[in-house]
Amino acid sequence: MRALLYKDLVVNRGKTLPLWGAAGLACLLPAWLPTEGMLLPLVFGLTLPLLLFQQEAKEGWYQLVSQLPFAPRTVVGARYLVTALLCLWMGGCYGLGQAVSPPHPGLESCLAAGALAAAILLTLHAVALPLLYAFGPGETLSALLATMGLAAVVSWLAISLDEAAFFGLAGRPLPVFGAGAALFLVSLPIAVGRYARRGW
């Protein structure tokens, strides 16, 4: 896995670092664009891994890695780890954005906002990554739309059933973060199975 992480984080840093910088900026901007809320970070957080996946497919990476001595769990696990780091990075940037924007909430509120943002991104990727490996590189847009559509339907149902409880989750960032991280980990073997079954 070290070699795969080295590829993503060091060899391809010319591609990934600008995207990570853009993701961080997307998390800082809502501090001055309160009407946008979490929309901009969510869009960036979902699309960046899909763009990297699509770029790798164009370069023939998945055909190459299938000939190398890497198990499917290692290939998918490396991408999951990089995605988790991205979610934590964006959560941290979102919390920082809240800290530097008026009315300058306290540290606890900023940490809570960052944890909640990271939890939402981890939860969305728990859906997006298995779909991505199931649909393949030619259907990245389908994976993105399916994830966003499912998130919208689940949110609507939750609000319809108990609006107070749904929005009350924002006041419990640590349990929400734990649930998001658990869903993210549970989705890993599903994504591994989708990757292993698909011919690359």
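Definitions and limits used
Residues numbered from 1 in each chain as written. Predicted model: local features only at pLDDT ≥ 70, side-chain atom pairs only at ≥ 80, totals over all residues. Heavy atoms only, no water. Phe/Tyr/Trp six-rings, centres within 6.5 Å; stacked < 30°, edge-to-face > 60°. Helix = DSSP H or I, 4+ residues; strand = E, 2+ residues; numbered from the N terminus. Buried < 20%, exposed > 50% of the residue type's maximum accessible area, 1.4 Å probe, protein only. pLDDT = per-residue confidence, 0-100. Core = buried A, V, L, I, M, F, W, Y, C linked by side-chain atoms within 4.5 Å. Axes fitted to C-alpha atoms, helices over the stretch in contact; angles between N-to-C directions. Parallel < 35°, antiparallel > 145°, perpendicular 65-115°, else oblique. Left-handed = near helix turned anticlockwise from the far one by under 90°. Contact = heavy atoms within 4.5 Å. Nonpolar A, V, L, I, M, F, W, Y, C, P; charged D, E, K, R; others polar. Salt bridge = Lys/Arg side-chain N within 4 Å of Asp/Glu carboxyl O.

This part covers the packing of aromatic side chains. Scanning the model with the defined rule gives five aromatic pairs in all. Taking 5.6 Å as the distance between ring centres and 90 degrees as the angle between the ring planes, the aromatic pair formed by Phe-53 and Tyr-133 counts as edge-to-face. Here the residue Phe-53 occupies a position in helix α3 (residues 39–58), and Tyr-133 occupies one in helix α6 (residues 107–135), the gap between them amounting to 80 residues. Tyr-133 gets classed as buried once you look at its relative accessible area, which sits at 1%. Relative to Phe-184, the ring of Tyr-80 lies with its centre 4.7 Å away and its plane at 40 degrees, an arrangement referred to as tilted. Taken together, the residues span a long stretch of sequence, with Tyr-80 in helix α5 (residues 72–100) and Phe-184 in helix α8 (residues 173–197) at a distance of 104 residues.

The share of residues in the chain with pLDDT of 70 or more is 82%, and the mean pLDDT across the chain is 79. For the chain, the element scoring lowest by mean pLDDT is helix α7 (residues 140–168), at 69; α8 scores highest, at 91.

Turning to the nonpolar core, a few remarks are in order. Residues Tyr-62, Val-65, Val-76, Tyr-80, Tyr-133 and Tyr-195 are the most contacted members of the largest nonpolar core, which totals 40 residues. Those elements that provide at least two residues to this core are α1 (2–11), α2 (13–28), α3, α4 (61–65), α5, α6, α7 and α8. Top element by residues in this core is α5. It accounts for 11 residues.

On to the packing of α1 against α5. Two numbers describe how α1 lies on α5: the axes approach to 9 Å, and their chain directions differ by 40 degrees. For the element pair α1 / α5, the angle class is oblique. The two elements α1 and α5 meet at a crossing, and its hand is right-handed. When α1 is examined against α5, the residues Leu-4, Leu-5, Lys-7, Asp-8 and Leu-9 are found in contact with a partner set consisting of Thr-74, Val-75, Ala-78, Arg-79, Leu-81, Val-82 and Leu-85. By residue class, the composition of the contact of α1 with α5 is eight nonpolar, one polar and three charged.

This paragraph deals with the packing of α5 against α6. Any two packed helices are characterised by how steeply their axes cross, that is the angle between the axes, and by the distance between the axes. Close contact between α5 and α6 brings their axes to 8 Å; oriented N to C, the two are set at 150 degrees. Of the possible angle classes, the one that applies to α5 and α6 is roughly antiparallel. For the crossing formed where α5 meets α6, the hand is right-handed. Of the residues belonging to the contact of α5 with α6, the class tally is 17 nonpolar, six polar and one charged.

The residue Ala-179 is located in helix α8 in this model. Judged by its relative accessible area of 40%, Ala-179 is partly exposed. Distance in space between the C-alpha atoms of Ala-179 and Leu-122 is 9.3 Å, their sequence separation being 57 residues.

Enumeration according to the criterion identifies one salt bridge in this entry. In this structure, Glu-56 engages Arg-79 in a salt bridge whose closest nitrogen and oxygen atoms are separated by 2.7 Å. One end of the pair, Glu-56, is in helix α3; the other, Arg-79, is in helix α5, with 23 residues separating them in the sequence. A relative accessible area of 6% means that Glu-56 is categorised as buried.

Bringing the environment of Ala-22 into the picture now. The topology assignment puts Ala-22 in helix α2. Classification of Ala-22 by relative accessible area gives partly exposed; the value is 27%. Considering only alpha carbons, one finds Ala-22 and Leu-48, 26 residues apart in sequence, at a separation of 9.6 Å.

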